[in-house]
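# Working through the structure, step by step
Each chain is listed here by its residues.
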Amino acid sequence: MTAEWQNAVAEAQEATDFKGDVVQRTVEGIGTALRLDHRAAFYTELGSLSDSGRFEAFLNHWWTQALADSAPDKGTREQAIDFADVAVSLYARAIGGPTSTQAEIDAIITGAEAS
């Protein structure tokens, strides 16, 4: 994983106080963590990707789903999704991609709506 990704994950863990297991953001890591019904859709979508520019968005989406699928209960699942949203936003900002505003990131952390 890149330093930008590792930094985004560390910062998101601190910001959201996420203590759950962090799924590796790789095809293998995600595929292993997904529930069986999601795993089939994941590999189908992976096989149909024709644009390498969509691969990052594909990974982001399925990494979030893998975190949710691997959570042991509803509360942890919600926290995992918030953590994933923050991590992906911070990573996008670090690599110069589409970003969320700081207010949107803060809203994710606090569970409020961004203004």
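Here's a quick rundown of the structure. Residue numbers here run from 1 along each chain, matching the order of that chain's written sequence. Owing to the predicted nature of the model, reporting of local features is limited to residues with pLDDT of at least 70; listing and counting of side-chain atom pairs is limited to 80 or more, with chain, interface and lining totals taken over all residues. Only hydrogens and water are set aside; all other atoms, that is, all heavy atoms of the structure, feed into the side-chain values.

### A closer look at the overall build of the protein chain
The helix and strand inventory of the protein chain stands at 6 helices and 0 strands. Buried, partly exposed and exposed residues are distinguished by accessible area as a fraction of the type maximum, computed with a 1.4 Å probe on protein chains only: under 20%, between the cut-offs, and over 50%, respectively. For the protein chain, the residues scored as buried account for 35% of the 115 residues in total. Here, residues are in contact when the closest pair of their heavy atoms is within 4.5 Å. Of all intrachain contacts in the protein chain linking residues separated by at least 6 positions in sequence, the fraction that spans at least 24 positions is 56%. Counting every atom, the protein chain has about 6,600 Å² of accessible surface; 50% of that belongs to carbon and sulfur. We count a stretch as a helix when DSSP gives it H or I for four or more residues in a row; a strand needs E for two or more, and each element gets its number in order from the N terminus. Computed with the Shrake-Rupley method and a 1.4 Å probe, the accessible areas treat only the protein chains shown as cover for residues.

### Looking at helix 1 (residues 3–16)
The end-to-end C-alpha distance of helix 1 is 20 Å, a good match for the 20 Å that 14 residues give at a rise of 1.5 Å each. When we look at burial in helix 1, the residues that qualify are W5, A8, V9, A12 and T16. When helix 1 is viewed along its axis, its buried side chains cluster within an angular range of 100° and face the same direction. Structural note: helix 1 exposes N7 and E14 on the side pointing more than 90 degrees away from its buried face. Note on helix 1: the residue one or two positions beyond its end, D17, has a positive phi of about 60°. Expected span, for any helix, means 1.5 Å times one less than how many residues it has. The directions from the helix axis to the C-beta atoms are what the arc is built from.

### Quick look at the environment of A71
Within the element layout of this structure, A71 appears in the loop between helix 4 (55–70) and helix 5 (74–94). Given a relative accessible area of 12%, A71 falls into the buried group. Separated by 50 residues in the primary sequence, A71 and D21 place their C-alpha atoms 8.1 Å from one another. Not counting the four nearest positions on each side in its chain, A71 is found in contact with T76 and R77.

### Considering the environment of T16
Here T16 is to be found in helix 1. For the pair T16 and Q79, spaced 63 residues apart in sequence, the C-alpha to C-alpha distance is 7.6 Å. Polar contacts, as counted here, are pairs of nitrogen or oxygen atoms within 3.5 Å of one another; within protein the pair requires one atom able to donate a hydrogen and one able to accept it, and residues that are adjacent in sequence qualify only if both atoms are side-chain atoms. At 2.7 Å, the side chain of T16 and the backbone oxygen of A12 are in polar contact.

Fair warning: the whole summary comes from geometry, so function is off the table for now.
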